[in-house]
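These are the residues of each chain, in order.
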Amino acid sequence: MTTPKITIIVLNWNGKDDTLECLSSITNINYSNYEVVVVDNGSSDDSVYAIHSQFPNIHVIETGKNHGFAEGNNFGIRYALDEGADYILILNNDTTVDPGLIKNLVNSAKTNPHAGLIGPKIYYHAQPKVIWAAGGYWDELGMCFEQTGDGEIDTGQYDTTVSTDFIVGCAMFIPAEVFRTVGLLDSDYFLNYEEIDFQCRVRAAGYTTLYEPHAHIWHKIAASFGGDSSPLKYYFIFRNRLLWAQRHLPWNKKLAVFWSVHFGLLKQFYRPFIKQIRNDFSLKNIYWAYSSASSNPLFKARAIGIIDYWKNNLGNCPEQIHTLNRSWVKHQK
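Source: prediction; values computed, not measured.

A. Geometry of the packing of helix H1 (residues 16–26) against helix H2 (residues 47–54). The geometry of H1 relative to H2 is characterised by a closest axis approach of 10 Å and an angle of 25° between their N-to-C directions. Considering the angle they form, H1 stands roughly parallel to H2. Judged by the sense of rotation from one axis to the other, the crossing of H1 with H2 is right-handed. Taking contact as the criterion, the partners of Lys16, Thr19, Leu20 and Leu23 in H1 are, on H2, Ser47, Ala50, Ile51 and Gln54. Within the contact of H1 with H2, the residues separate by chemical class into four nonpolar, three polar and one charged.

Structure representation (structure tokens):
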């Protein structure tokens, strides 16, 4: 029986050290028929030179500019499809992998032929025995997707292969036929929610999304954003959450998501404002409280993201968000 050909796509944008560590772990994979493709999204940190120097046999696609997660990976997906890949693994550059990752994913795909997308068990890179995601589920109360098992020490409690509502986008194993059926990642999202949009289209086409516990990776959380809570991430999460809801939810759940996003913005402003004026209701203090609350970079990024959704400004974020993010990252150090 022919061994299926796997193409592993690693997207890089100024993440040289993470990417080199990821590629180093990939070289230990115990599977015979796989190719690694690095898509470089216009890096300026000599990533491409370093990758060519340390991994001369790895194919590098240089896109020339930052196309975001969705379209950046699409460059690699198109290449993989043209080269005859049977399965494609989209893998974040801020991950490291277990040597048995591909073998276990392929075995799962063969056992579950209706699976259109398979995700591994994901651990925190800094806490190798602590689960970050063992699949995921739709939270009706919060009107959002949540990761199963987040923060739990792995004692085998999530060791059953199961269908799941959500697979985290940092590692998605997908049969090539699925891309030919449902299309590629939607570049409108640029970053964040493109994997959820894709998974919705996969399920709408009659496939299942599957969590495979015997396949393992370790993830450095939100390295590309500058942290798990940053202006850059806030912008894309809230703009794209509205976009995804518009495209995929029935009207009642769509309204619930829209309410949650907009009311959440109000609370993010209201709480610090009230706290500051509680003991001093002077006009001067009200002014300073307003200025302080509205200048919070996370509040500003969230507000701009919501406004851009309503203005249909999709794709990449405005330069103002990158400026906010650089300043925010600098003050976190």
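Here the narrative resumes, following the displayed structure.
B. Spatial organisation of the side chain of Ser230. Within the secondary structure, Ser230 is located in the loop between strand S12 (208–219) and helix H7 (231–248). With a relative accessible area of 0%, Ser230 lands in the buried category. A distance of 3.4 Å separates a polar atom in the side chain of Ser230 from a polar atom in the side chain of Asn325.

C. Expanded view of the pairing of strand S4 (residues 87–92). For S4, the tally of buried residues reaches six of six residues, placing the bulk of the element in the interior. The two faces of S4 match: Tyr87, Leu89 and Leu91 on one face and Ile88, Ile90 and Asn92 on the other face are all buried. Sheet analysis places strand S1 (residues 6–12) next to S4, joined by six bridges and oriented parallel. Across the sheet, residue Val10 finds its bridge partner in S4, namely Leu91. Both S4 and strand S11 (residues 171–175) contribute to a ladder of five bridges, which runs antiparallel. Paired with Ile88 across the strands is Ile174, a residue of S11.

About the criteria used
Residues numbered from 1 in each chain as written. Predicted model: local features only at pLDDT ≥ 70, side-chain atom pairs only at ≥ 80, totals over all residues. Heavy atoms only, no water. Axes fitted to C-alpha atoms, helices over the stretch in contact; angles between N-to-C directions. Helix = DSSP H or I, 4+ residues; strand = E, 2+ residues; numbered from the N terminus. Parallel < 35°, antiparallel > 145°, perpendicular 65-115°, else oblique. Left-handed = near helix turned anticlockwise from the far one by under 90°. Contact = heavy atoms within 4.5 Å. Nonpolar A, V, L, I, M, F, W, Y, C, P; charged D, E, K, R; others polar. Buried < 20%, exposed > 50% of the residue type's maximum accessible area, 1.4 Å probe, protein only. Polar contact = N/O pair within 3.5 Å; in protein donor to acceptor, adjacent residues only side chain to side chain. Pairing = 2+ DSSP bridges.

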